[in-house]
Amino acid sequence: MLGIAEGWQVIVDAAKTWWQDWSNQALVCLAAILLSLTIVLYPAALFGVFHEARDLTHGLRTGLAGFWKGFKTDFRNNLVWGMVNTVVLALLGLNIWFYANTQYSFAPALTGFSILLGVFWLSWQFFSLACLFLQEERSLKLAWKNGFAVMVSHPLYVTLISIPVLVLLFLSARYFIPLFFGAESLLALLGLMSIQRTLKA
């Protein structure tokens, strides 16, 4: 079972890898942001970032070429993934808003539960997406199973890695600025390298 020490090492290694190719990563993230403005293309843009980041974990600096290759392939998977996540996150967001604005005594508990459910969902999707790009079979169903298995098998490891991921997601959603500095690519590297570490174990 992987623990805190291994999780910290993955965070450090991912940050180093990202920084050593920062100019390319920032450019890739800028392209992803511009394409994501269409809303419809945001899943494909995210898949492009993960594809390029996977190349980087293997020592290949493919930059925009790698991003574009990942963007224009696997439309079926990224469309399904995007639809599922859009629906689930919209429902969770609606729940949080509703309970936060309700005066019933049980509302705070349900608000907290909805937030925890959202945190779990984001973490699960994060690790599952990394699994999708590392497994031989490009199956979302298998990726979701593998992502859940990683979370159950290595809880401390997953919790530590999830902390900077959730912080970066929050800052990116709140201020947008981290996205322009390559945060999306850093997140992809964290996910991919964390799953690669579990495979070695």
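Every chain is numbered independently, its residues counted from 1 as its sequence is written. At least 70 in pLDDT is required for a residue's local features to be given in this predicted model, at least 80 for side-chain atom pairs to be given and counted, and no such filter applies to totals for whole chains, interfaces and linings, which use all residues. Side-chain metrics rest on all non-hydrogen atoms present in the structure, leaving aside hydrogens and water.

**Quick word on helix 4 (residues 63–72)**
The cut-off we apply is this: Classification of residues uses two cut-offs on accessible area relative to the type maximum, computed with a 1.4 Å probe and protein chains only: under 20% is buried, over 50% is exposed, and between them is partly exposed. Strands are runs of DSSP state E lasting at least two residues, helices are runs of H or I lasting at least four, and both sets are numbered from the N terminus onward. In this description, one arc is meant: the one made by directions from the helix axis to the C-beta atoms. By the convention used here, residues are in contact when the closest approach between their heavy atoms is within 4.5 Å.
Those residues of helix 4 that fall on the buried side of the exposure criterion are G63, G66, F67, G70 and F71. Within helix 4, the buried residues cover an arc of 135 degrees as seen down the axis, which keeps them to one side. Across from the buried face of helix 4, at angles greater than 90 degrees, the exposed residues are A65 and K69. Contact partners of the buried residues in helix 4: helix 2 (22–36), helix 3 (42–57) and helix 5 (75–100).

**Let's talk about unusual backbone geometry**
Even without a glycine there, the phi angle at I39 is positive, about 70 degrees. Even without being glycine, D74 reaches a positive phi, approximately 60 degrees. Inspection of the secondary structure puts D74 in the loop between helix 4 and helix 5.

**Some points on the packing of helix 3 against helix 5**
Applicable threshold: Note on geometry: axes are lines fitted to C-alpha atoms, helical ones only across the stretch in contact, with angles between N-to-C directions running from 0 to 180 degrees. The sense of a crossing depends on the near helix, which, turned anticlockwise from the far helix by less than a right angle, makes the crossing left-handed and, turned clockwise, makes it right-handed. Amino acid classes used here: Ala, Val, Leu, Ile, Met, Phe, Trp, Tyr, Cys and Pro are nonpolar; Asp, Glu, Lys and Arg are charged; the rest, including Gly, are polar.
Two elements in contact, helix 3 and helix 5, have axes separated by 8 Å at closest approach and are oriented at 120 degrees. Helix 3 and helix 5 meet at a crossing whose hand is right-handed. For the pair formed by helix 3 and helix 5, the contact residues are Y42, P43, A44, L46 and F47 on the first element and F75, N77, N78, W81, G82, N85 and T86 on the second. Its residues assigned to classes, the contact of helix 3 with helix 5 shows 7 nonpolar, 5 polar and no charged.

**Things to note about the nonpolar core**
Rule in force here: Nonpolar cores are built from buried Ala, Val, Leu, Ile, Met, Phe, Trp, Tyr and Cys residues. Side-chain atoms within 4.5 Å join them into one set.
Counting 46 residues, the largest nonpolar core has F50, L129 and I161 as its most contacted members. Residue assignment for this core shows that the elements contributing at least two residues are helix 1 (4–20), helix 2, helix 3, helix 5, helix 6 (107–134), helix 7 (140–153), helix 8 (155–175) and helix 10 (183–200). Excluding its chain neighbours within four sequence positions, the residues that come into contact with L129 are L46, F47, F50 and W81.

**Considering the packing of helix 2 against helix 10**
Helix-helix packing: each pair is described by the crossing angle between the helix axes and the interaxial distance. Note the cut-off: Small angles under 35 degrees read as roughly parallel and large ones over 145 as roughly antiparallel, with 65 to 115 read as roughly perpendicular and the rest as oblique.
Axis separation between helix 2 and helix 10 bottoms out at 7 Å; the angle between their running directions is 105 degrees. Here helix 2 is positioned roughly perpendicular relative to helix 10, judged by the angle of their axes. Contact residues: helix 2 offers Q25, C29 and A32, while helix 10 offers A183, E184 and S185. Across the contact of helix 2 with helix 10, the residue classes break down as 3 nonpolar, 2 polar and 1 charged.

**So, the layout of surface pockets**
We apply this condition: Buriedness for pockets is judged along seven lines, at least five of which must meet protein on both sides within 12 Å for an open set on the 1 Å grid over protein atoms alone, while cavities are sets there where a 1.4 Å probe fits but cannot get out, and lining residues have an atom within 4 Å of a point. Grid points are joined across faces, edges and corners, and a volume is the space filled by probe spheres set on the points.
Approximately 1,200 Å³ is the volume attributed to the largest pocket. Considering the residues around the largest pocket, the lining is formed by 35 residues, among which Y42, L89, L122, L169 and A173 are closest to the centre. Sorting the residues of the lining of the largest pocket by element identifies helix 2, helix 3, helix 5, helix 6, helix 8, helix 9 (177–180) and helix 10 as the ones contributing at least two each. The dominant element in the lining of the largest pocket, judged by the number of residues it contributes, is helix 6, at 8 residues. Of the residues contributing to the lining of the largest pocket, the split by class is 25 nonpolar, 8 polar and 2 charged. Counted as a void, the second largest pocket has a volume near 260 Å³. Along the wall of the second largest pocket there are 15 residues; nearest its centre are D13, T17, T57, M193 and Q196. Elements represented by at least two residues in the lining of the second largest pocket include exactly helix 1, helix 3 and helix 10. Counting residues per element, the lining of the second largest pocket draws most heavily on helix 1, which supplies 6 residues.

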